[in-house]
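Architecture at a glance
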Amino acid sequence: NIADSEFGLTEDMMTENAARGIAEVALSALNAGGRRLTQDNGNLTPCVIVYAGNNKSGLRAVAAGRHLRNHGVNIVAVVLGLEREPELLDGLRRQLKVFRNFGGKVLTKVELMEYAKSLDGPVDLIIDGLLGLTISFEELRTGDQATAYELIEWANRSKVNVLAIDIPTGIDPTSGKVSIIDGKPL
C-alpha cells in the first residue's frame with residue numbers, strides 16, 4: 001500500500017519486480033549443481049508447477065512462471081478458480097493471457113494430475129502462490145478449499161521442493177498457526 005500510495009508504483013510494476021525476484025530464486029534452486037540449465041546438459045528440461053490463487057500472490061506466481069519459461073523451463077500453472085475465469089481478478093487474467101502467449105500451460109487441478117502422469121521425469125519445483133497474506137484458507141469457497149487441500153496434499157506426497165510466495169498455503173498469515181483440515185495439518 002505504501003509503495004502504491006506514497007511512491008506511485010502500480011500493481012503491474014510491483015508484480016513484475018516480484019516475479020523477477022521469484023524467478024531468480026527458482027532458477028538458483030533449479031541450477032543448484034551449476035549445469036542444470038546449460039544448453040549442453042543432456043538431462044530433461046526442468047519442470048516447475050505454479051500454484052496460483054486469485055490474489056496478488058497468484059499474479060506474481062504466474063508472472064514468475066513466464067520469466068522461468070523465458071529461461072527454457074517447462075512451466076505449468078494451476079489456477080484456483082480457473083473454471084470461473086471471467087470472475088478472476090483483472091490482473092490475474094492479464095497475467096494468464098501473457099503467460100499463455102509465451103507458451104505456458106494453464107491447467108485445472110484435474111488436468112494437472114493427468115499431465116503429471118505423462119511427464120518423462122519428476123517435477124523439480126512448485127511455486128506456491130495460492131493464498132498469500134490477504135486471504136486465509138477458511139475464507140476460500142468450499143470447492144476452492146477442496147482443490148487447494150488436494151494440491152497441497154499432492155505436493156506433500158510428491159516431496160517436491162516448494163517455493164512459497166509470501167507465506168506457505170495452510171499457514172495463517174496473522175497467527176502463524178497451521179490450518180487443520182479433517183484433523184490433519186494442511
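Everything numeric in this text was worked out from a predicted model, so none of it was measured.

**Overview of the pattern of salt bridges**
For the structure shown, the criterion picks out twelve salt bridges. A salt bridge links Glu-16 to Arg-66; its shortest N-O distance comes to 2.4 Å. Residue Glu-16 is found in helix H2 (residues 11-30), and its partner Arg-66 is found in helix H3 (residues 56-69); the two are separated by 50 residues along the sequence. Classification of Glu-16 by relative accessible area gives partly exposed; the value is 23%. Connected through salt bridges with shared partners, the residues Glu-83, Arg-84, Glu-87, Arg-141 and Asp-144 form a single ionic network.

**Overview of the sheet that holds strand S5 (residues 162-164)**
Pairing is parallel in the open sheet, where five strands are placed in the order S3-S2-S1-S4-S5. Each end of this open sheet is capped by a strand with a single partner; those strands are strand S3 (105-107) and S5. Mean inter-strand twist for the sheet, computed between neighbouring axes without regard to direction, equals 20 degrees. In this structure, strand S1 (residues 47-52) lies alongside strand S2 (residues 74-79), joined through six bridges in parallel fashion. In the sheet register, Val-50 faces S2, and the bridge partner there is Ala-77.

**Regarding H2**
In this model, H2 (20 residues) spans 28 Å end to end at C-alpha, consistent with the 28 Å of a helix rising 1.5 Å per residue. Regarding H2, the residues found buried are Met-14, Thr-15, Ala-19, Ile-22, Ala-23, Ala-26, Leu-27 and Leu-30. If you follow the buried residues of H2, they end up packed against helix H1 (2-5), S1, H3, helix H4 (90-101), strand S4 (125-129) and S5.

**Some thoughts on the side chain of Asn-55**
Its location among the elements puts Asn-55 in the loop between S1 and H3. By relative accessible area, Asn-55 is classed as buried at 6%. At a separation of 3.2 Å, a polar atom in the side chain of Asn-55 contacts the main-chain carbonyl oxygen of Leu-131.

About the thresholds
- Residues numbered from 1 in each chain as written.
- Predicted model: local features only at pLDDT ≥ 70, side-chain atom pairs only at ≥ 80, totals over all residues.
- Heavy atoms only, no water.
- Salt bridge = Lys/Arg side-chain N within 4 Å of Asp/Glu carboxyl O.
- Helix = DSSP H or I, 4+ residues; strand = E, 2+ residues; numbered from the N terminus.
- Buried < 20%, exposed > 50% of the residue type's maximum accessible area, 1.4 Å probe, protein only.
- Pairing = 2+ DSSP bridges.
- Axes fitted to C-alpha atoms, helices over the stretch in contact; angles between N-to-C directions.
- Expected span 1.5 Å × (residues − 1).
- Contact = heavy atoms within 4.5 Å.
- Polar contact = N/O pair within 3.5 Å; in protein donor to acceptor, adjacent residues only side chain to side chain.

Everything listed here is a matter of geometry and, on its own, says nothing about what the molecule does.
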